[in-house]
Protein chains: 2
Amino acid sequence: MRDRKSWNVNASTYAKNTFNPIRNIVENMQIVPNPEKPMIALSIGDPTVFGNLVPSETITEAVVTAIRSGKYNGYGPSTGFADARQAVAKYCSVPDVTELEAKDIILCSGCSCALDLCITALCCPGQNILVPRPGFPLYRTLAEGLSIKTKYYNLLPEKNWEVDLEMLEALIDEETSAIVVNNPSNPCGSVFSKEHIKAILEVASRNKVPVIADEIYDHFVFSGEEYHPMASLTQEVPVLSCGGLTKRYLIPGWRMGWIAIYDRNDILSKEVRNGLNSLSQRIIGSNTLVQGALPAILGETPKEFFVDTIKQIEDNANLCFSQIDSIPGLRPIMPQGAMYMMVGIEMDGFPDFVNDLEFVEKMISEESVFCLPGKCFDYPNYMRIVLTVPEKQIREACERIAGFCTRHYQPVKNGEHSLNG
Amino acid sequence: MRDRKSWNVNASTYAKNTFNPIRNIVENMQIVPNPEKPMIALSIGDPTVFGNLVPSETITEAVVTAIRSGKYNGYGPSTGFADARQAVAKYCSVPDVTELEAKDIILCSGCSCALDLCITALCCPGQNILVPRPGFPLYRTLAEGLSIKTKYYNLLPEKNWEVDLEMLEALIDEETSAIVVNNPSNPCGSVFSKEHIKAILEVASRNKVPVIADEIYDHFVFSGEEYHPMASLTQEVPVLSCGGLTKRYLIPGWRMGWIAIYDRNDILSKEVRNGLNSLSQRIIGSNTLVQGALPAILGETPKEFFVDTIKQIEDNANLCFSQIDSIPGLRPIMPQGAMYMMVGIEMDGFPDFVNDLEFVEKMISEESVFCLPGKCFDYPNYMRIVLTVPEKQIREACERIAGFCTRHYQPVKNGEHSLNG
Ligand SMILES: Cc1ncc(COP(=O)(O)O)c(C=O)c1O
Ligand SMILES: Cc1ncc(COP(=O)(O)O)c(C=O)c1O
C-alpha cells in the first residue's frame, strides 16, 4: 500500500534511451515536395516498395505449402525448428573451412532481432561496442537502450570505405565487448576484400575482441566482386554472424533472420551460447510458417532470381554514378554491392545551405527528390541514394538533382573544399 | 588497444539473469517413461501438438491470400500496418464502454513479446512488478533479466483461485510499477467474476498502479461463464492488455500478439506510449503475412470454430475432474476456462515422495504420464494438467494416475493434510 494522490506513470529509462536516429531526424525534417513534380523517394531502404523487385515464386509457394501442410501451427523451439536451423547451417557453412551444424544457428525475428540478441548477450551496461561510421543506426539504438556505449570507427571514403584500422585498434579498451562489422555495407554499398577483412580480424585477434558480423547483405555483390563471410577468414576469432532472408530474398516483412555462431575454439561455449539461447526465450522465436518454408527457400530458389535482382541494382548504380559524377558539387562513391550509394556534397560550394540536412530538405521542396541526409548515419556532408528504385525514376531523379545543383552551386574560389573525409 | 593474452568472452548479466524456470526444472527432471506404456504428455501448453485441435480453414486461407496478393513482402511500420491494427482495435473494443483506435494497438511477435514490451516500458531496474502465484513463469523471466524484481501475490485455490486482495495491496510500495493480472489463468484455468476484477482494479486505483492484463486466453471460457476484459471495468486505471492469436485461434507458432492500450484519462500519453513505440523498433514488428491476414482472421473466423474448440476442452475438463476427484490423495480444482486444471497433491499421503517434483517423476517412470510439477509455477504440492489432449488419452491418463496413486497413497492417521493453500 502506498500513498499517492495522483497518477504519474513514467516510461523506463530503457524505453527512453531506445531511439532510432533516422526516425528522429526524418520526423523533424521539412518534407514538403514541390506540388508540380511527383515525389521520387530515394530514401526508403525497402527494396519491395516500388514493385520492380519481387520475391521468387519458389519462395512464396514454399510458404503456401508450409501453411497447407498444417505442420507449422504449433510452437517451435525458441531457437527454431531443427530442420530450419539445419538448412541455415548448410547455407552459412563454407565447405572445408567452416562447417556449421543446426546447434550453431539461432533463428530470430529478422536480422534486427539477431543483432539485438548478439549485442545484449555480449555486453553489459557501461561496456562498449565499436561500430562503423557511416553506419546503420540500429546498432546504437539497440546498445544505448541498455546503457551500452557505442564508439565509432571511421570508414574511409577515399579507400572505398575501408575501415580506418589504426583508429579501430586505438578505440579498443578493457570494456570493449564486441566489434560490429557490416559487410557489404549500408549505407556505403562497399564490399571488403579478403585482405581487408583479414586485417580487421587481426585487430580483433590481437585484442581478443569477438566480432559481430552484420552480413544481411551477404552475396549481394556486383559482377566481378567477391563476398567473403568474415568467419571464413579466421581460425581464431569468434564471429557471431547476423543474417536473414530480408534483403537478398526481397521479403523484409517476413521477419526471418538468424545468428550463425562460428566458434572453432569453443570460446563461446562457456557462457555466450547459453546466453543467446536464454535471451531467445524472451519472444519465443520467429514465425513457424516461414521456418517451415526455409529449407525450400534456401535450397530451391533459382539462381537467376538473384542474378536478376543484382543486375537491376548494378545497372542503377552505374547509371546513377555516371549521372551524378558529372553534377557540380557532388562526388558519388561507386558501390560494389548492397543497395546504396553514398554521395559527397561539397558544402562549401552550396552557400545557400548550412548543412546536408538543409541541402536535402531544399531538394525535396524544389525537386521532390528525397535522399537521406548523411546525418542519419552520423556522417555529415553526404547523402545516401537507394538503388532499388526503377530505372526510369532513377534517371528522372538524377536529372532533377542535376538541375538543383546547377542552380545552387557556386564554385569555391581558392579551390579548397571541406568535403568530409 | 588492450593487452590480453587469452580469450575470455563472457555473457552479459542480462543474458545470465534471463532464465526460464520451467525449462530449468524440466531439463533437470528425471524423465524416463515406462517402456511398456506409451507416453501421454499432459505437460505441453501447445494445443496443436495432438492433432485434435486445428485452426479454421478461414485462418489458413487468409494467409495464403495475403501471400499471393504480393502486398505483404515489404517492411511494415514497427508497430504494425494500420489496417491490421485497426482490426485488432475493433476486436478489443467494448462497444459503448472502451472504444479503441488503431493508434492504441501495437502488434508484436506473440503475446510474449507484448508482455516484454509492457514490462520493459514501465519498469526500471530495481523497481518491482506484482505477479500471481501460481502463475505463468515468463513474467519473472522477462523482469529478472533486466533486474526488475517480481513480488508474488497469492491466488487462493479455495476461492477458485481469486486474488488474495489484502496481500496484493500490502505488497505495493513506492517502487511498484505494475500489477500483472492473468485472466483467464494459466495454470489455474480460473476465470474472474466481474466483481472480483473490480476489486482488483480498486486496489490498483487506490495505489495508482497501472495494470498489465495478460488476456491471451480472452473469451476462452466454458459454458455459463463470462469473460470480462479488465479495461471494460474501469474508468480510471490505465490497462495495457496483452493478447494475440496464439491460443484462441490455435496458431501459437505464427507469433501474432498485441498490446491494446486502454487509457481513458491520458495517463500513458505523457511517456509510456512513446516508450512502447520506441521499444517496438528493436525488432521491427511481427510477420507481415499474418498482419495482412489479420482483418480476415478476426472478422471472418466462423463462430462454430470457437464453440467447437471450447467444447472439446470443457468436455475434457469435466471428464478429468470427475475421474481425478475420486482418486485418493488428489484434489482437482475445476477450471472455468483456458486449457488447464490444477490438481492438489496431499503430499502427507504419499510418504514415498519428498515433493511434487518427485511425485511427477515417479508417475512418468511408472505410468508414462507427464504432468508439470507445481514448482514450475512457484506453487508446490500441485501439478498442472493440460486439457487439450484428445479425450481417449485423457481417459487413459486418468486411469493410470488412479493406479499410481492407489499404489502409493497411505491415508494420514490424524487426518491432517498439509495441502498448500
Ligand atoms: C546493415 C543492416 N543490418 C540489419 C538490417 C535489419 O534487417 P532486418 O529487416 O532483417 O531486421 C538492415 C536493414 O535495413 C541493414 O541495412
Ligand atoms: C498466460 C500466458 N501468457 C502468455 C503466453 C505467451 O503467449 P505467446 O505464445 O503468444 O507468446 C502464454 C503461453 O502459454 C500464457 O500461457
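Higher on the page you've got the structure.
Residues numbered from 1 in each chain as written. Chains lettered and ligands numbered in written order. Predicted model: local features only at pLDDT ≥ 70, side-chain atom pairs only at ≥ 80, totals over all residues. Heavy atoms only, no water.

### A short note on the packing of aromatic side chains
Per the counting criterion, the structure on display carries 32 aromatic pairs over all chains. With 5.3 Å between their ring centres and 90° between their planes, A:Phe359 and A:Phe404 make a pair best called edge-to-face. Remark: A:Phe404 occurs in helix H13 (residues 391–408) and A:Phe359 occurs in helix H12 (residues 356–367); sequence separation between them is 45 residues. The exposure classification of A:Phe359 matches that of A:Phe404, with both residues buried. Ring plane angle 75° and centroid distance 5.0 Å describe the contact between B:Phe350 and B:Phe359, whose orientation is recorded as edge-to-face. Comparing B:Phe350 with B:Phe359 shows no difference in burial state: the two are buried. Linked through ring pairs, A:Phe350, A:Phe353, A:Phe359, A:Phe404 and A:Tyr409 together constitute an aromatic cluster. Geometry around A:Phe306 places A:Arg248 over its ring, the cationic atom sitting 3.9 Å from the centre. (Phe/Tyr/Trp six-rings, centres within 6.5 Å; stacked < 30°, edge-to-face > 60°. Helix = DSSP H or I, 4+ residues; strand = E, 2+ residues; numbered from the N terminus. Buried < 20%, exposed > 50% of the residue type's maximum accessible area, 1.4 Å probe, protein only. Lys NZ or Arg CZ within 6 Å of the ring centre and 35° of its normal.)

### Structural notes on the relation of the copies chain A and chain B
After a rotation of 180° and a shift along the axis of 0.0 Å, chain A superposes on chain B with an RMSD of 0.0 Å. Considering both components of the superposition, the chain copies are consistent with a two-fold axis. For chain A, the minimum C-alpha distance to the rotation axis belongs to A:Val64 and amounts to 2.9 Å. (Least-squares fit on C-alpha atoms with pLDDT ≥ 70 in both.)

### Focus: the site of ligand 1
Taken together, 15 residues lie around ligand 1, and A:Ser112, A:Asn186, A:Asp214, A:Thr246 and B:Tyr75 are the ones closest in. Each of chains A and B places residues near ligand 1. Interatomic distance of 2.8 Å between a side-chain N/O atom of A:Asn186 and an oxygen atom of ligand 1. One of the side-chain nitrogen or oxygen atoms of A:Lys247 is found 2.8 Å away from an oxygen atom of ligand 1. Coverage of ligand 1 by the protein chains reaches 97% of its 400 Å² of free accessible surface. It is helix H5 (residues 110–122) of chain A that provides the largest number of residues to the shell around ligand 1, a total of four residues. (Near = heavy atom within 4 Å. Polar contact = N/O pair within 3.5 Å; in protein donor to acceptor, adjacent residues only side chain to side chain. Areas by Shrake-Rupley, 256 points an atom, 1.4 Å probe, with all protein chains shown as cover.)

### Looking at unusual backbone geometry
In this structure, the amide linkage connecting A:Asn186 to the following residue, A:Pro187, adopts the cis form with an omega of 15°. Among the secondary structure elements, A:Pro187 is positioned in the loop between strand E6 (176–182) and helix H8 (194–207). The linkage connecting B:Arg133 with the following residue, B:Pro134, adopts the cis geometry, with an omega of 0°. As for its placement among the helices and strands, B:Pro134 is situated in the loop between strand E3 (128–133) and helix H6 (138–145). Notably, B:Asn160 is not glycine yet its phi reads approximately 55°, a positive angle. Residue position: B:Asn160 is located in the loop between strand E4 (149–156) and strand E5 (162–163). With relative accessibility at 39%, the residue B:Asn160 sits in the partly exposed group.

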